[in-house]
Amino acid sequence: MGSDSIECVSSIDGMDEEDTARTQSSKPHGGAAPPAGIAPSTSVHELLECPVCANSMYPPIHQCQNGHTLCSTCKTRVQNRCPTCRQELGDIRCLALEKVAESLELPCKYYSHGCPEIFPYYSKLKHEPQCNYRPYNCPYAGSECSVVGDIPFLVTHLRDDHKVDMHTGCTFNHRYVKSNPREVENATWMLTVFNCFGQSFCLHFEAFQLGMAPVYMAFLRFMGDENDARNFSYSLEVGANGRKLTWEGTPRSIRDSHRKVRDSHDGLIIQRNMALFFSGGERKELKLRVTGRIWKEQQNSDAAVCMPNLCS
């Protein structure tokens, strides 16, 4: 990070800053056993595996004159040549294999992550992209990271590979400093992962162009699914000189990409002029202090309303 980049000095108000988020790393693919009586790699299942992309084949399933099969997507990739025998492919359908596929019931491909569901062969297509047990993408922003895994694995990955700061506590106090506030690059800084209520949260701060105007934005993402994210709320506040901006909302799940959250403006957005005013108005250096809090929404069964359960 260059001298003109945003730097962060963070502290946890009233909290021990010792890094206690040293979660034992786990493999991206868990060790859960498949559903009883189901062998996911049966010989029939292997027959339905495309030799090119290794994915399961769905109608139309194509075959060459020698009986070698492949999926319709890969047929367009092999220049109409069988990848096994190199014979020219026509428009022959393997109807027998398609009928076999219709009769199968198979476990979700994320069974090793804990999904217990068993589906008719074609229903897997609809379920798997939405399966709650599917691995998460690495939430780090600012670089393309292809790592996937469960939450404990990704927390360890963020700490060890991306050198992200880890803190325990539900309040935070950050100071962002930039020596040249007139230069706003399209860049992202994911500064901190917070652990509280037994969950992990990613705090992002970014400088980017919104149309022709440079802005700064801070927002929180929940390391888990959207349904669980709704159990929490957070607030952000920035201000100085008798003025302040506040934001309160629900953290977005890391199922939503960083760019999707940013482009939806779902967070605290600070215009440059206001940011400079908060910095003292000298327009020589950007100095923003962003404070925040995370709390859990606890359902009050008597009043049927959600009450904030503040972190002790």
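Keep in mind it's a predicted model, so treat the numbers as computed, not measured.

## A few points about the overall build of the chain
Counting its secondary structure elements, the chain contains eight helices and 18 strands. Within the chain, counting contacts between residues at least 6 apart in sequence, those at least 24 apart form 58% of the total. Accessible surface, the chain: about 16,700 Å² in total, of which carbon and sulfur atoms supply 46%.

## Some remarks on helix H5 (residues 151–160)
With eight of 10 residues buried, H5 lies mostly within the body of the structure. Listed in full, the buried residues belonging to H5 are Ile151, Phe153, Leu154, Val155, Thr156, His157, Leu158 and Arg159. The opening residue of H5 is Asp150, an N-cap whose side-chain oxygen sits 3.0 Å from the backbone nitrogen of Phe153.

## Points about the pairing of strand E12 (residues 213–222)
For E12, the tally of buried residues reaches nine of 10 residues, placing the bulk of the element in the interior. Bridge count between strand E11 (residues 199–210) and E12: 10 bridges; the pairing is antiparallel. Along E12, the bridge assignment pairs Phe205 with Ala218. As defined by bridge partners, E12 adjoins strand E15 (residues 252–253) across two bridges and the pair is classed as parallel. Each bridged residue has a counterpart across the sheet, and for Phe222 the counterpart in E15 is Ser253.

## What to know about helix H3 (residues 95–103)
Looking only at H3, the buried set comprises Leu97, Glu98 and Ala101. On an axial view of H3, the arc spanned by its buried residues comes to 105°, and they lie on one face. Turned more than 90 degrees off the buried face of H3, the exposed positions are Leu95, Ala96, Lys99 and Ser103.

## What about the nonpolar core?
In summary, soluble globular proteins display a tendency toward joint burial of nonpolar side chains. Grouped together as the largest cluster of nonpolar side chains are 31 residues, with contacts concentrated most on Tyr216, Leu236, Ile270, Leu288 and Ile294. Listing elements by their share of this core, those giving two or more residues are strand E9 (171–178), strand E10 (187–196), E11, E12, strand E13 (232–240), strand E16 (268–271), helix H8 (272–278) and strand E17 (286–300). Top contributing element to this core by residue count: E12, with seven residues. Formed by 18 residues, the second largest nonpolar core is a distinct cluster that contains Leu48, Ile61, Cys64 and Leu70.

## Quick notes on the pattern of salt bridges
What the rule picks out here adds up to 12 salt bridges. Asp225 is the partner of Arg255 in a salt bridge, and the nearest nitrogen-oxygen pair spans 2.8 Å. You can see Arg255 sitting in the loop between E15 and helix H7 (258–263) and its partner Asp225 sitting in the loop between E12 and helix H6 (226–229), a full 30 residues away along the chain. Residue classification places Arg255 among the partly exposed positions, given a relative accessible area of 23%. Of the charged contacts in the structure, one is a salt bridge between Glu226 and Arg230, with a shortest N-O distance of 2.8 Å. Linked by salt bridges that have partners in common, Arg252, Asp256, Lys260 and Asp266 make up one network.

## Notes on the packing of aromatic side chains
To describe a pair of aromatic rings, you give the distance between the ring centres and the angle between the ring planes. In total, this model carries eight aromatic pairs according to the counting rule given. Ring centres of Phe205 and Tyr216 lie 6.2 Å apart, and the angle between their planes is 15°; this geometry places the pair in the stacked category. Of this pair, Phe205 sits in strand E11 while Tyr216 sits in strand E12, placing them 11 residues apart in sequence. A connected cluster of aromatic rings, assembled from ring pairs, spans Phe197, Phe201, Phe222 and Phe232. For the cation-ring pair, Arg255 lies above Tyr136, with the distance from its terminal atom to the ring centre recorded as 3.8 Å. The aromatic ring of Phe208 is capped on one face by Arg262, whose charged end is 4.8 Å from the ring centroid.

## With respect to the confidence of the model for the chain
Scored by pLDDT, the chain comes out at a mean of 79, with 77% of its residues at no less than 70. Here strand E18 (residues 305–309) is the element of the chain with the lowest mean pLDDT, 41, and E15 is the one with the highest, 96. Low pLDDT, under 50, characterises residues 1–41; the predicted model gives this stretch 98 contacts beyond four residues in sequence or across chains. Long-range and interchain partners of residues 301–312, a stretch whose pLDDT sits below 50, account for 24 contacts in this model, where long-range means more than four residues apart.

## Some words on the environment of Ala141
Positionally, Ala141 belongs in the loop between strand E6 (136–137) and strand E7 (148–149). Residue class for Ala141 comes out buried when judged on its relative accessible area of 4%. The spacing of Ala141 and His258 is 117 residues in sequence and 6.6 Å in space, taken between C-alpha atoms.

## A look at unusual backbone geometry
Although it is not a glycine, Ala54 sits at a positive phi angle of roughly 65°. Within the secondary structure, Ala54 sits in the loop between helix H1 (43–47) and strand E2 (61–63).

## Some details on the environment of His204
Within the element layout of this structure, His204 appears in strand E11. For His204, a relative accessible area of 0% puts it in the buried group. Counting along the chain gives 54 residues from His204 to His258, while the straight-line C-alpha distance between them is 8.8 Å. A distance of 3.2 Å separates polar atoms of two side chains, one belonging to His204 and the other to Arg221.

What counts and what doesn't
Residues numbered from 1 in each chain as written. Predicted model: local features only at pLDDT ≥ 70, side-chain atom pairs only at ≥ 80, totals over all residues. Heavy atoms only, no water. Helix = DSSP H or I, 4+ residues; strand = E, 2+ residues; numbered from the N terminus. Contact = heavy atoms within 4.5 Å. Areas by Shrake-Rupley, 256 points an atom, 1.4 Å probe, with all protein chains shown as cover. Buried < 20%, exposed > 50% of the residue type's maximum accessible area, 1.4 Å probe, protein only. Polar contact = N/O pair within 3.5 Å; in protein donor to acceptor, adjacent residues only side chain to side chain. Pairing = 2+ DSSP bridges. Arc of directions from axis to C-beta. Core = buried A, V, L, I, M, F, W, Y, C linked by side-chain atoms within 4.5 Å. Salt bridge = Lys/Arg side-chain N within 4 Å of Asp/Glu carboxyl O. Phe/Tyr/Trp six-rings, centres within 6.5 Å; stacked < 30°, edge-to-face > 60°. Lys NZ or Arg CZ within 6 Å of the ring centre and 35° of its normal. pLDDT = per-residue confidence, 0-100.

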